Amino acid sequence: MVEYGKLLRKEMEMIEKKSYIIEGISVSFSFELIPADMKWLAFISGELPNSATYFSSFSNVSQSKKGKMGVTFGSTCDDYFKPWNYQKRLQDVKRVEKHKSKLTPKQIVGRTKVTQFIASQKSCQEFEPILGPFIDKAVVEPLHLANNNWVS
């Protein structure tokens, strides 16, 4: 799955870099939306599963603050919950890699030290997103959310 994700990223980058002549008109393409279900999205994002302290692939919502009322989600300084972005994800990955380098192999396999460190960084990011910067274009497919609401 990881290798396939890397292949998709490479092909998406190639498609966006090229111009295509279609019926005499130069056309270029960009990927603006990547629909996904939430578990696949967490995986392809290089994140801990959606049961982690910071569980959302879309913003810095934590288990302890998910029920906070009257707050907003967005990119402005006034918004309480903010979306993750690719550059922040890369910074988090570097910190996690540095932390892992100080652990024994047994501690890494046990995962507790790793997941606690990631949570202490107010992050869910463990690895570089497999789709690279395209991860900023990902959204949860609406049917997945509707199905989750019926289960609740």
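Residues numbered from 1 in each chain as written. Predicted model: local features only at pLDDT ≥ 70, side-chain atom pairs only at ≥ 80, totals over all residues. Heavy atoms only, no water.

Chemist: Would you explain the overall build of the protein in this entry?
Modeler: A tally of helices and strands in the protein yields six helices and four strands. Along the chain direction, N to C, the helices and strands of the protein fall in the order α-β-β-β-α-α-α-α-β-α. When the backbone C-alpha atoms are referred to their principal axes, the protein occupies close to 60 × 40 × 35 Å. Taken across its 152 residues, the protein has 32% of its residues classed as buried. Distance between charge centres in the protein, computed from 22 positive and 16 negative side chains, equals 11 Å. (Helix = DSSP H or I, 4+ residues; strand = E, 2+ residues; numbered from the N terminus. Buried < 20%, exposed > 50% of the residue type's maximum accessible area, 1.4 Å probe, protein only. Lys, Arg positive; Asp, Glu negative; His and termini not counted. Charge placed at Lys NZ, Arg CZ, Asp CG, Glu CD.)

Chemist: Where do I start with the packing of helix α3 (residues 86-101) against helix α5 (residues 112-120) in this structure?
Modeler: When two helices pack together, their arrangement is given by the angle between their axes and by how far apart the axes lie. Remark: α3 packs on α5, axes separated minimally by 10 Å, with the N-to-C direction vectors making an angle of 145 degrees. α3 and α5 meet at a crossing whose hand is right-handed. Taking contact as the criterion, the partners of Arg95, Val96, His99 and Lys100 in α3 are, on α5, Lys113, Val114, Phe117 and Ile118. Among the residues making up the contact of α3 with α5, the classes are represented as four nonpolar, one polar and three charged. (Axes fitted to C-alpha atoms, helices over the stretch in contact; angles between N-to-C directions. Left-handed = near helix turned anticlockwise from the far one by under 90°. Contact = heavy atoms within 4.5 Å. Nonpolar A, V, L, I, M, F, W, Y, C, P; charged D, E, K, R; others polar.)

Chemist: For this particular structure, what's the right way to read the pattern of salt bridges?
Modeler: Oppositely charged side chains can form a pair if their charged atoms are brought close together. One pass over the structure, following the stated rule, counts nine salt bridges. In this structure, Lys88 engages Asp92 in a salt bridge whose closest nitrogen and oxygen atoms are separated by 2.7 Å. A residue pair is termed a helical-turn pair when its members lie 3 or 4 positions apart in one helix, as Lys88 and Asp92 do in helix α3 at four residues. The residue Glu126 makes a salt bridge to Lys100 at a minimum N-O spacing of 2.8 Å. Residue Glu126 is located in the loop between α5 and β4 (138-140), and its partner Lys100 is located in helix α3; the two are separated by 26 residues in the primary sequence. Owing to a relative accessible area of 16%, Lys100 belongs among the buried residues under this scheme. Residues joined by salt bridges that share partners form a network here, namely Arg9, Glu13 and Glu128. (Salt bridge = Lys/Arg side-chain N within 4 Å of Asp/Glu carboxyl O.)

Chemist: When you look at the environment of Asn85 in this model, what are you seeing that I'm missing?
Modeler: As for its placement among the helices and strands, Asn85 is situated in the loop between α2 (38-44) and α3. Residues Asn85 and Ser64 lie 21 residues apart in sequence; the distance between their C-alpha atoms is 22 Å. Here the side chain of Asn85 touches Gln87 through a polar contact of 3.1 Å, landing on its backbone nitrogen. (Polar contact = N/O pair within 3.5 Å; in protein donor to acceptor, adjacent residues only side chain to side chain.)

Chemist: Would you take a moment to explain the packing of aromatic side chains for this structure?
Modeler: Aromatic ring pairs are reported here in terms of the distance separating the ring centres and the angle at which the planes meet. One pass over the full model with this rule turns up four aromatic pairs. The interplanar angle of 80 degrees and the centroid separation of 4.9 Å between the aromatic rings of Tyr80 and Phe81 together place this pair among those described as edge-to-face. According to the relative accessible area criterion, Tyr80 is partly exposed, its value standing at 33%. Given a relative accessible area of 9%, Phe81 falls into the buried group. Over the ring of Phe55 we find Lys66, and its NZ or CZ is 5.9 Å from the ring centre. Stacked on the ring of Tyr80, the Lys or Arg Lys68 has its end atom at 5.2 Å from the ring centre. (Phe/Tyr/Trp six-rings, centres within 6.5 Å; stacked < 30°, edge-to-face > 60°. Lys NZ or Arg CZ within 6 Å of the ring centre and 35° of its normal.)

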